[in-house]
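Residues per chain, in single letters:
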Amino acid sequence: MITPPGFYYTDAVALLQALGITPTGVNVNLIVAWEWHEWGSTTDLLVTQNMLATELRVTGSYDWNPQGVQIYPTVAAGAAANAQTLNQTSPSYQTLVGALRSSSSQDFFGGTGSYELAVWAGGPGNPDYSYPPDLYKIYTELQPVPKQYLPSTSTPIVQPPT
């Protein structure tokens, strides 16, 4: 079982809120798994301020690597930049956003969601089709979301499909 540091959950909740989505056990763990896939078991708070490793430049951000992945000055700035990237139209990640909104791991990892994850990892011209199954494996190995990261009216935590 994977037990991420608490700031992974804080980051996930910040991103969901930036997207206007109520955090649930399912959608928080989808983001935490995605973040874990991007950053692993890091304890470097700076890199996780860009939870999903987007390359969107904003005021106060700077390059973390030669590919242009950004480091943002705050979690809020990183959440806003990641939300903006997920809401863009080209390439589109609307299936992923919809799956987060509906707390559907099935939609997130199925068909179009899987393709959008592959595009996220490799770009529109070179989708990385190994990314979605690797991310799914992480998702299935995550501990349940600790209660303090969920609103009291949240959807109950549901185990991922096997």
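Our subject in this report is the structure included herewith. This structure is a prediction, so every number in the text was calculated from the model and none was measured.

## Structural notes on the packing of aromatic side chains
Geometry of an aromatic ring pair is reported as the spacing of the ring centres plus the angle between the planes.
Stage number 1. Within this structure, the stated rule accounts for 10 aromatic pairs.
Stage number 2. On the numbers, 5.1 Å between centres and 70 degrees between planes, the contact of Y93 with W120 is edge-to-face. Residue Y93 is located in the loop between α4 (75-86) and α5 (94-102), and its partner W120 is located in helix α7 (residues 111-122); the two are separated by 27 residues in the primary sequence.
Stage number 3. Classification of Y93 as buried rests on a relative accessible area of 5%.
Stage number 4. In this structure an aromatic cluster arises from ring pairing among W34, Y93, F108, F109, W120, Y136 and Y139.

## Points about the nonpolar core
The nonpolar side chains of soluble globular proteins are, as a tendency, buried together.
Stage number 1. Core analysis: the biggest nonpolar cluster contains 47 residues, and V28, W34, L86 and F108 have the highest contact counts within it.
Stage number 2. Sorting the residues of this core by element identifies α1 (6-18), α2 (25-39), α4, α5, α6 (105-109), α7 and α8 (131-141) as the ones contributing at least two each.
Stage number 3. The biggest single contributor to this core is α2, with nine residues.

## Examining α5
Stage number 1. For α5, every residue scored as buried is listed here: L96, V97, A99 and L100. Down the axis, α5 shows its buried residues gathered within 160 degrees of arc, on one side only.
Stage number 2. Close packing links the buried residues of α5 with α1, α2, α4, α6 and α7.
Stage number 3. With its phi angle positive at about 55 degrees, S103 sits one or two positions after the end of α5.

Reading guide: rules and limits
- Position numbers for residues count from 1 along each chain, tracking the sequence in the order it is written.
- In view of the model being predicted, local features appear only for residues whose pLDDT reaches at least 70, and side-chain atom pairs are presented and counted only at 80 or more, with totals across whole chains, interfaces and linings using the full set of residues.
- Excluding hydrogens and water, the side-chain values take into account all heavy atoms of the structure.
- In this analysis, rings of Phe, Tyr and Trp, with Trp reduced to its six-membered ring, are considered paired at centre separations within 6.5 Å, and the interplanar angle assigns stacked below 30 degrees, edge-to-face beyond 60, and tilted for intermediate values.
- In this description a helix means any DSSP run of H or I spanning at least four residues, a strand means any run of E spanning at least two, and both kinds are numbered starting from the N terminus.
- A simple rule labels every residue: compare its accessible area, found with a 1.4 Å probe on the protein chains alone, to the largest value its type can have, and call it buried under 20%, exposed over 50%, or partly exposed in between.
- For the purposes of this section, nonpolar cores are sets of buried Ala, Val, Leu, Ile, Met, Phe, Trp, Tyr and Cys residues that join through side-chain atoms within 4.5 Å.
- Note: the arc covers the axis-to-C-beta directions of the helix.
- Note on contacts: a residue pair qualifies if any of its non-hydrogen atoms lie within 4.5 Å across the two residues.

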